[in-house]
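Coordinates in review
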There are 2 protein chains.
Amino acid sequence: MSGPQLPQQVTPFQLPCPTGATRLFAVIGYPVAQVQAPALMNRLFVDRRVDAVLVPIEAAPADFPVMIEGLKRIANLDGILVTIPHKFAACDHADHLGEAARLTGSANALRREADGTWAADNFDGVGFVRGLVGAGHNPRGKTVSLVGAGGAGTSIAPALLTHGACLLVLSDVSEKRANQLAARLEAKWPGRVRVASSPAAAESDMLINATPVGLHEDDPLPFDLGAARADAVVADIIMKPAETRLLKAAVARGLRVHPGIHMLSEQIELYRQFFRIP
Amino acid sequence: MSGPQLPQQVTPFQLPCPTGATRLFAVIGYPVAQVQAPALMNRLFVDRRVDAVLVPIEAAPADFPVMIEGLKRIANLDGILVTIPHKFAACDHADHLGEAARLTGSANALRREADGTWAADNFDGVGFVRGLVGAGHNPRGKTVSLVGAGGAGTSIAPALLTHGACLLVLSDVSEKRANQLAARLEAKWPGRVRVASSPAAAESDMLINATPVGLHEDDPLPFDLGAARADAVVADIIMKPAETRLLKAAVARGLRVHPGIHMLSEQIELYRQFFRIP
C-alpha cells in the first residue's frame, strides 16, 4: 500500500460440509468473534482441496489450561492457532519451542508431531515484517515507534530489529513491561532500543499500534498522531474492525497506513509450511 | 421403506465458511470417520440460517475424560453429540440427566445450560423407534430379536418395549451383559424379555443389529438370516457403510430392510429441540 488507502475485507465464501473424516484445526482467543483466521485458513484448505476445517474457539484465561489439554487429546485435530490473550500461556502446553517462541516466550501456532508431542512457534513478528516489506514499508535503517509490549509487541519488536530497524522506541501502559522487553532486546541489539512513555512521533518513520486498543468502537486512539511526520507510516495490528479509529485518523491526516490483516495474511503461508499442509 | 430397497445416501453440500462468531457443535466417536451427524446437523444449520458448525472429534476412550472436560470450557461450544464407544462415559460428565439417559445409563447428547452446567439425554431409542414407525414397521404387538446389549442396544430395548413390542429376545456376545440389561428391563416390563444365544429368527417379526459388526468391510454377518421368516424386517443401526453386509444379505433373500440412517435422521428434530435451535 503506497498511499492513503483503507484496508481490504475478507469476502465470505462457501466450503464443503465437514464429514466424519474431516481433519480439524482451531484458533483460540478471548474474545474470538473478531478473528480472521477461519476465512484465511479455510480458503487455503478449499484452494488446496484439503479435507480440513478451522473453527474458532473462545476460552477465558482461567479455562485455557484445561481447554487446550482437552484439545490435544483430539486425534483428528492437527493444529492450533492461538491469539490474544493466550499466546504466553500457549508455550506451557508445548513440548518443543521454535526459535521465535523461545525468544518471545509466546506462541501463536501449535502442531501435533508424528510421535504425538506438540511443537509451538510464533509467526507474528516475521509475518508482520513480511507484510510491511510487501507493502513497500521496509523497516531497514528506519526509526520505529512500537506501542504495546504485550503478546504482539513482544513478537514484532525482535523481528523489526532482525530486519534492520536502526532504532526501536518502545512504549506500553506498563512501563515495567516495556522495560523488561527492552532489556531482553538490548542484550541482543545493544544501543538500538529505547523506552519512552509515548511514541517518538517526530523522529519516527513508522508508528505501530501493537495493543488491543481499537478492537472496540468506543476505544480511544492508542496514541496521539499530532506530532507524526507527514512521511510516516501508521500501522495497526488490529484486524477487526479493518478500519480502526487509528487508521482512519491517519488517513484523515494524509499519512500512509498499514492495516492489521497483512500480519495474518502473510502468516498463512508460514502456517501452511508449519502445519505441513500440501 | 415398504419393500426391499437399499438405503439412501447423504448428498454432499456446501456451507458458509465459519467466522470468529460461529457457534460450535461437535460429535465425538472412536472411530469417527463413519459418522453422519456432520452432514445432517450442518444441513439443519444451513436450512435454518443458524451461524453454527458441527465438527467430528475422534478421541480414544483413555483420552475421553480429559478431552470432554476441555470441550466443556469452550465458551462458544453449545452442544455435543456422543457416539460409540463413549455413550456410557458421557453420563459422568453431565450435571443433569434426562429420563432416557437415567434409564440407560448412557447419553448421546449434551448441552450447555444458561447457568453453565451441562445436561445430557439419550435419543437413540426414541429415534430408532420413530424411524421404524415412519417406515411402516411399527413394533407394537410384535416379537423383536435385538442383537447387541451395548450402548445402542441398551437404548433401543426400552424404547421398543415402551412402544408396545410384546416380546424382546436379547442376545449379545457377552451373555453377562445381555442378562444385566434383561434384568433391568424385566423389572419394568415383566415377562416381555428373554435372553438367547442367538436371535429367535423363526418367531421374530423384526431382527435388529445393534452391534458395531458391519462397520468394516470384512466383518462377518452379525447374525445368521437362514431361519428368518419371509415377512421379517431386518434393521441395522450401522450408518456407514449405508448398505451393510447384513442388509445386502436380507435384500438378497427378499426381506424388507431398515437402514441405520433412519435412527439418526429421526433424531435430528429431537436434537434440534434439545439444543434449542430455532
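This section reports on the structure supplied with the text.

With that settled, consider unusual backbone geometry. Residues and elements named next belong to chain A. A cis amide bond links isoleucine 84 to the next residue, proline 85, at an omega of 5 degrees. With a phi close to 55 degrees, arginine 276 is a non-glycine residue in the positive phi region. Within the element layout of this structure, arginine 276 appears in the segment after helix 9 (261–274). Its relative accessible area of 52% is what places arginine 276 among the exposed residues.

Further remarks concern the sheet that holds strand 8 (residues 143–147) of chain A. Residues and elements named next belong to chain A. Strand order across the open sheet formed by 6 strands is 10-9-8-11-12-13, with parallel pairing between neighbours. Sheet topology places strand 10 (193–195) and strand 13 (256–258) at the edges, where each strand pairs with a single neighbour. Averaged over all pairs of adjacent strands, the angle between their axes in this sheet comes to 20 degrees, without regard to strand direction. Relative to strand 12 (residues 233–236), helix 8 (residues 245–252) is tilted by about 165 degrees, and along the sheet it contacts strand 11 (206–209), strand 12 and strand 13.

Once that is clear, we can look at the packing of aromatic side chains. Residues and elements named next belong to chain A. The full count for this structure, using the stated rule, is 12 aromatic pairs over all chains. With a centroid separation of 5.1 Å and 35 degrees between ring planes, the pair formed by phenylalanine 25 and phenylalanine 45 is classed as tilted. Of the two residues, phenylalanine 25 sits in strand 2 (residues 23–29) while phenylalanine 45 sits in helix 1 (residues 37–47), which places them 20 residues apart along the sequence. The residues phenylalanine 25 and phenylalanine 45 share a single accessibility class, namely buried. Ring centres of phenylalanine 123 and tyrosine 271 lie 6.0 Å apart, and the angle between their planes is 85 degrees; this geometry places the pair in the edge-to-face category. In this pair, phenylalanine 123 is assigned in the loop between strand 7 (118–121) and helix 5 (124–134) and tyrosine 271 in helix 9, connecting sequence segments 148 residues apart. The residues phenylalanine 123 and tyrosine 271 share a single accessibility class, namely buried. Here the aromatic residues Phe25, Phe45, Phe123, Tyr271, Phe274 and Phe275 are joined through ring pairs into a cluster of three or more. The aromatic ring of phenylalanine 13 is capped on one face by arginine 43, whose charged end is 4.3 Å from the ring centroid.

Now for helix 9 (residues 261–274) of chain B. Residue and element names in this part refer to chain B. Spanning 14 residues, helix 9 covers 20 Å between terminal C-alpha atoms, matching the ideal 20 Å at 1.5 Å per step. Of all bends in helix 9, the biggest is about 35 degrees, found at isoleucine 268. Counting buried residues in helix 9 gives 10 out of 14 residues, a clear majority hidden from the surface. Along helix 9, the residues that are buried comprise Ile261, His262, Met263, Leu264, Gln267, Ile268, Leu270, Tyr271, Arg272 and Phe274. Phi for arginine 276, located one or two positions after helix 9, is positive at around 55 degrees.

Glancing now at the environment of Arg43(B). Residue and element names in this part refer to chain B. Structurally, the position occupied by arginine 43 is in helix 1 (residues 37–47). Separated by 41 residues in sequence, arginine 43 and isoleucine 84 have C-alpha atoms that sit 22 Å apart. Apart from residues lying up to four places away in sequence, arginine 43 is in contact with Phe13 and Pro38.

Right, let's talk about helix 1 of chain B for a bit. Residue and element names in this part refer to chain B. Burial analysis of helix 1 places 8 of its 11 residues in the buried class, which makes it a mostly covered element. All of the buried residues along helix 1 are Ala37, Pro38, Ala39, Leu40, Met41, Asn42, Leu44 and Phe45. Elements that come into contact with the buried residues of helix 1 comprise strand 1 (14–16), strand 2 (23–29), strand 3 (52–58), strand 4 (77–82) and helix 9. With its phi angle positive at about 55 degrees, arginine 49 sits one or two positions after the end of helix 1.

On to the packing of helix 1 of chain B against helix 9 of chain B. Residue and element names in this part refer to chain B. Relative orientation of the contacting elements helix 1 and helix 9 amounts to 35 degrees, with a least axis distance of 10 Å. Relative to helix 9, the crossing made by helix 1 is right-handed. Contact with helix 1, carried on its side by Ala37, Leu40, Met41 and Leu44, involves Ile261, Leu264, Ser265, Ile268, Tyr271 and Arg272 of helix 9 and no other residues of that element. Class assignment of the residues belonging to the contact of helix 1 with helix 9 gives a composition of 8 nonpolar, 1 polar and 1 charged.

We now examine the packing of helix 2 (residues 64–71) of chain A against helix 2 (residues 64–72) of chain B. Running from amino to carboxyl end, helix 2 of chain A crosses helix 2 of chain B at an angle of 130 degrees, the nearest separation of the two axes being 7 Å. With respect to each other, helix 2 of chain A and helix 2 of chain B are oriented oblique. The crossing of helix 2 of chain A and helix 2 of chain B is left-handed. Contact residues: Val66(A), Met67(A), Glu69(A) and Gly70(A) in helix 2 of chain A; Val66(B), Met67(B), Glu69(B) and Gly70(B) in helix 2 of chain B.

Analysis parameters
- Residues numbered from 1 in each chain as written.
- Chains lettered and ligands numbered in written order.
- Predicted model: local features only at pLDDT ≥ 70, side-chain atom pairs only at ≥ 80, totals over all residues.
- Heavy atoms only, no water.
- Helix = DSSP H or I, 4+ residues; strand = E, 2+ residues; numbered from the N terminus.
- Buried < 20%, exposed > 50% of the residue type's maximum accessible area, 1.4 Å probe, protein only.
- Pairing = 2+ DSSP bridges.
- Axes fitted to C-alpha atoms, helices over the stretch in contact; angles between N-to-C directions.
- Contact = heavy atoms within 4.5 Å.
- Phe/Tyr/Trp six-rings, centres within 6.5 Å; stacked < 30°, edge-to-face > 60°.
- Lys NZ or Arg CZ within 6 Å of the ring centre and 35° of its normal.
- Expected span 1.5 Å × (residues − 1).
- Bend = angle between axes of the 7 residues up to and from the residue.
- Left-handed = near helix turned anticlockwise from the far one by under 90°.
- Nonpolar A, V, L, I, M, F, W, Y, C, P; charged D, E, K, R; others polar.
- Parallel < 35°, antiparallel > 145°, perpendicular 65-115°, else oblique.

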